[in-house]
Amino acid sequence: MSVRHQLKLLVGGLGSRRAGPPPPAHSGPREFLDRSRAVAIVIFVATVALIVLISSVGLTTVNVPVLPNQLATARVVANAAFTYESAERTAALREQVASRVPPVYRLDLEPYQRFDAAARELLGRLEALEQRYPAGTPLLNQRRADLAAAVEAFNAHGPYNASLEDVAAVLNLGDAKLRASLFESGLSALRDLATEGVHDDSLGSNPGSVTVYQIARPSGAVTVRPVQSLEEAMTFLRVNLAADGVPRPASLALFRLFRLGLTPNLVFDREASQRKEAEAVDQVRPVVVNVARGQTILEPGQRVTAEQYEMLAAHRRYLREHTDTEVAEQLTLLGRILLVLAMVIASVLYIRLEDPETLRSNGRLGLLALVVIVNLALVRAVYSLGGVDFFVHDDSWASTLPFVAPTALAPLIVAILIDAGSAIFMALLVSIFTGVIYGNRLDLIVLTFLASMVAIFGCREVHKRGRVVRAAVAGGLTLALIALPIGLADQVPLGTLLQQMAAATATGFLTGMAVVGVLPVLESLFKRTTDITLLELTDYNHPLLRLMQLEAPGTYHHSLVVAQLAENAANAIGANPLLARVCALFHDIGKTAHPGFFTENLRDQPNPHDGLPPAESARIIKQHVTDGVELARRHRLPRAVVEVIQQHHGTTLVRYFYNRAVEASRAPFAAPAPGTRSPLGEVVTPSVPEAGYRYDGPRPQFKESAVISLADGVEAATRSLRAVNAEQLATLIDRIVRDRMAEGQLDEAPLTFEELAKVRNSFQFTLLNMLHARVAYPAGEQTPPQRVKG
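Here, residues in each chain are numbered from 1, in the same order as that chain's written sequence. Per-residue local features are limited, in this predicted model, to residues with pLDDT of at least 70; the limit for side-chain atom pairs, both in listing and counting, is 80 or more; totals at the level of whole chains, interfaces and linings are taken over all residues. Side-chain numbers come from the whole structure's heavy atoms, not from hydrogens or water.

Visitor: What am I meant to see in the overall build of the chain here?
Guide: Scanning the chain from N- to C-terminus turns up 33 helices and ten strands. Sorting the 790 residues of the chain into buried and exposed places 46% on the buried side. Contacts between residues were defined by any pair of non-hydrogen atoms, one from each residue, lying within 4.5 Å. Within the chain, contacts between residues separated by at least 24 positions form 78% of all contacts whose residues are at least 6 apart in sequence. Note on areas: these come from Shrake-Rupley sampling with a 1.4 Å probe, and a residue is covered only by the protein chains present in the view. In the form shown here, the chain has an accessible surface area of approximately 40400 Å², with 57% of it arising from carbon and sulfur atoms. Strands are runs of DSSP state E lasting at least 2 residues, helices are runs of H or I lasting at least 4, and numbering of each runs from the N terminus. Buried, partly exposed and exposed residues are distinguished by accessible area as a fraction of the type maximum, computed with a 1.4 Å probe on protein chains only: under 20%, between the cut-offs, and over 50%, respectively.

Rendered as structure tokens:
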């Protein structure tokens, strides 16, 4: 509640009004545009319409950026019937056909040939033993040793383990012809089995039906033929070795001996198998897929398979090549309008709660609407790049487009020009519609909002333009770092991830540069002043400050003291101390037009007002406000500085010259003093009207202006104090504040009693430290000793 309202409540109502001229009425086109409800409604409707236009019209799900294995964010259906050759399905079919091609084997006859040679050698040794040791020979031990040597020689030809007993049983048949016939039958059976092929159980569970391919020699042609399992081959061998007249023990011993030459001899032929698979795959024709109009290609929330991704690419290609059949696939317009209305209304309610001054200013509302619309337009423009051939044919680069969108642009501008609270809500709004534009991507909403929040945090109390760029880059780095684990979880290729991270970082840097570039334009267009501009204005080499230093040094010193008082007081009440300092530095620049007419610049010169009428002197004194406004506008000072120049005297009375005018008007007649009663009981009123001796105002309209107005009066009054102490300063400051309140000069400033108390305490503390006494030096130490030469 303002001081004016609190005082009126204390005296019992809001109907009374203090004496003094009323503040000037606000009028003119600028005031109408800034305060008109009709203009606010136009801004609201235009904002809704433009956001709907940007986020809906011409927006289709066809170009939604998506990669295989990512979660689909929107439902995509076929806009027209089309066909395409599916490389994915063809590859799957060819793989299936290749897996069904039987493997190709070759026959390894080397084991049979090795056993054949060993068996024939053994047969010869047995015949030699039979001739050396006829039946009835007594040298049994020597015969047994020679037989063992024959067995050992046989086993040495291969992985054989023939026993002495089995070989002795074969030797004891006693008939060399029968033995030779049995050996020939066994070797013939092994030869037949080896040339036909023998496999073990690993080739199939049904040995009798197992079919393999054999490479025919020498042409290399492959023929299909049955082969026998090892068990079947043993049965075949046993049958061939059975002969009439052969004792069973001798027959079994002969079988055990020849069984050593029976081994699986099918060897896998990789080259021939691959050749057969290639021949089979070449026979497979490409699979043609027919897609009906309205058929769903992608479902939201499901991971995109390679086959779905291929169908989406074919759909895009078909629509691009058949523009005459393209159907305008619009997202639901009514739903989008409702969404935009809900977000804009929520923004209005938030601003009403947190920053009602913005809601009362169409300029601020226009600034919010403009930066949000431009930001969303840039996001939409980046999204539209997805239709360029380069991005259409390169999905990895197309996936970087969401990271190129400058979503932190509007939040940064709002944070700097208005406040962080409004910037946070603008960040949420921009992030939501960015996610909607890119196909309702929740992950994109969260990522861009987080990046904008980091950028806003980095821009708090920003005083240098470089910090804006650093804050924007920090937001881009945040987006890049958070995108990394999400991309790894979605199995995005590492190269694509690096492109996305680089794009996010580069976009942050470019966004910061863009914000720095457009800030001066927006400050001028919407009459806003950033702390960056204010800090630049504190440079004492500013032309106006240099002019004041040279032309009005007393006024310059006065402005420095007022600036210090106002800055400390503004900081104490939570106002903008930098704004207060800058406005105080420039509040009296109008005095440079006639510096000699102001006491602080007179020095030892005669007072020029001694020879002027009071009215003319008052006019010259008041003129410094008009001259100051003209100088400020000529040098393009911020609007707040111009307003402080106009308001720092409010509508106060130039009391010194007014009193002189009153004294001059009544001196010849010795009239009673103003305010006393005549002998008839009537109140004597001055004959000089106050209008010509009052500043034109307006009264201070904002906290910083009110603080500067009080600081200006306090600084001027303290010059009359001979000795400075806390009690005297407190009394002086309280009197000046009470006088301003009594005249209604603070009625339009949003200051409370609590804040006024803090302002008084701040003034007292600052002045006590500025006007402190110095230690009195002895007479001989008042001047520094001279340096002795030599």
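And the narrative resumes.
Visitor: What am I meant to see in the pattern of salt bridges here?
Guide: Pairing between side chains of opposite charge can happen when the charged atoms of each approach one another. For this document, the term salt bridge refers to a Lys or Arg side-chain nitrogen within 4 Å of an Asp or Glu carboxyl oxygen. For the structure shown, the criterion picks out 23 salt bridges. When the shortest N-O distance is used, the salt bridge between Arg719 and Glu715 registers 2.9 Å. One salt-bridge network, held together by shared partners, links Asp116, Arg120 and Glu184.

Visitor: In this structure, what is going on with the environment of Leu252? I would like to understand it.
Guide: Along the chain, Leu252 falls in helix 10 (residues 248–259). On the accessibility criterion, Leu252 (30% relative accessible area) is partly exposed.

Visitor: How should I be thinking about unusual backbone geometry in this particular structure?
Guide: With the exception of glycine, the majority of residues adopt a negative phi angle, and the majority of peptide bonds are in the trans configuration. In this structure, Pro698 follows Gly697 across a cis peptide bond, with omega equal to 10°. By the secondary structure assignment, Pro698 is in the loop between helix 30 (655–666) and helix 31 (703–718). Phi angles above zero are rare outside glycine, and Arg636 is one such case at about 55°. Inspection of the secondary structure assignment puts Arg636 in the loop between helix 28 (614–634) and helix 29 (639–647).

Visitor: Looking at this structure, I do not really get the packing of helix 26 (residues 553–573) against helix 27 (residues 577–586). What am I missing?
Guide: Angle between the axes and distance between the axes: these two values describe a pair of packed helices. Every axis in this analysis is a line fitted to C-alpha atoms, fitted for helices over the stretch in contact. Angles between the N-to-C directions lie between 0 and 180 degrees. Two numbers describe how helix 26 lies on helix 27: the axes approach to 8 Å, and their chain directions differ by 160°. The orientation of helix 26 with respect to helix 27, classified from their angle, is roughly antiparallel. Crossing of helix 26 against helix 27: the hand is right-handed. Contacts between helix 26 and helix 27 pair Ser559, Leu560, Val562, Ala563, Gln564, Ala566, Glu567, Ala570 and Asn571 from the former with Pro577, Ala580, Arg581, Ala584 and Leu585 from the latter. Ten residue types, Ala, Val, Leu, Ile, Met, Phe, Trp, Tyr, Cys and Pro, are classed as nonpolar, four, Asp, Glu, Lys and Arg, as charged, and the remainder, Gly among them, as polar. Taken together, the residues of the contact of helix 26 with helix 27 sort by class into nine nonpolar, three polar and two charged. In what follows, roughly perpendicular refers to angles from 65 to 115 degrees, roughly parallel to angles under 35, roughly antiparallel to angles over 145, and oblique to any angle outside these ranges. Note: crossing handedness is left-handed where the near helix turns anticlockwise from the far helix by less than a right angle, and right-handed where it turns clockwise.

Visitor: Quick question: what am I supposed to make of helix 31 here?
Guide: Side chains of residues three or four places apart in an α-helix project in the same direction, reflecting 3.6 residues per turn. By definition here, a helix of n residues has an expected span of 1.5 Å times n minus one. A rise of 1.5 Å per residue sets the reference length of helix 31, with its 16 residues, at 22 Å; its end C-alpha atoms lie 22 Å apart and thus fit the reference within 8%. Taken across its 16 residues, helix 31 has 14 buried, putting it largely inside the fold.

Visitor: Is there a simple way to think about the nonpolar core in this case?
Guide: Looking at soluble globular proteins, one finds that nonpolar side chains tend to be buried together. Here, the term nonpolar core denotes a set of buried Ala, Val, Leu, Ile, Met, Phe, Trp, Tyr and Cys residues that are joined through side-chain atoms within 4.5 Å. Counting 55 residues, the largest nonpolar core has Phe586, Ile589, Leu637 and Phe763 as the members making the most contacts within it. Among the elements that take part in this core, helix 26 stands out by supplying nine residues, more than any other. Filtering out sequence-adjacent residues up to four positions away, Ile589 remains in contact with Leu544, Met548, Gly628, Leu631, Ala632, Leu637 and Ile645. In this structure, Leu368, Ile418, Met426 and Val516 belong to the second largest nonpolar core, which totals 53 residues.

Visitor: Hey, could you run me through the packing of helix 21 (residues 442–458) against helix 22 (residues 465–489) in this one?
Guide: Running from N to C, helix 21 and helix 22 cross one another at 150°; their axes reach a closest spacing of 8 Å. Taken together, helix 21 and helix 22 sit at an angle that is classed as roughly antiparallel. Both helix 21 and helix 22 take part in a crossing whose hand is right-handed. Touching Leu447, Thr448, Leu450, Ala451, Val454, Ala455 and Gly458 of helix 21 are Arg467, Ala471, Ala472, Ala474, Gly475, Thr478, Leu479, Ile482, Ala483 and Ile486, all from helix 22. When grouped by side-chain class, the residues that make up the contact of helix 21 with helix 22 number twelve nonpolar, four polar and one charged.

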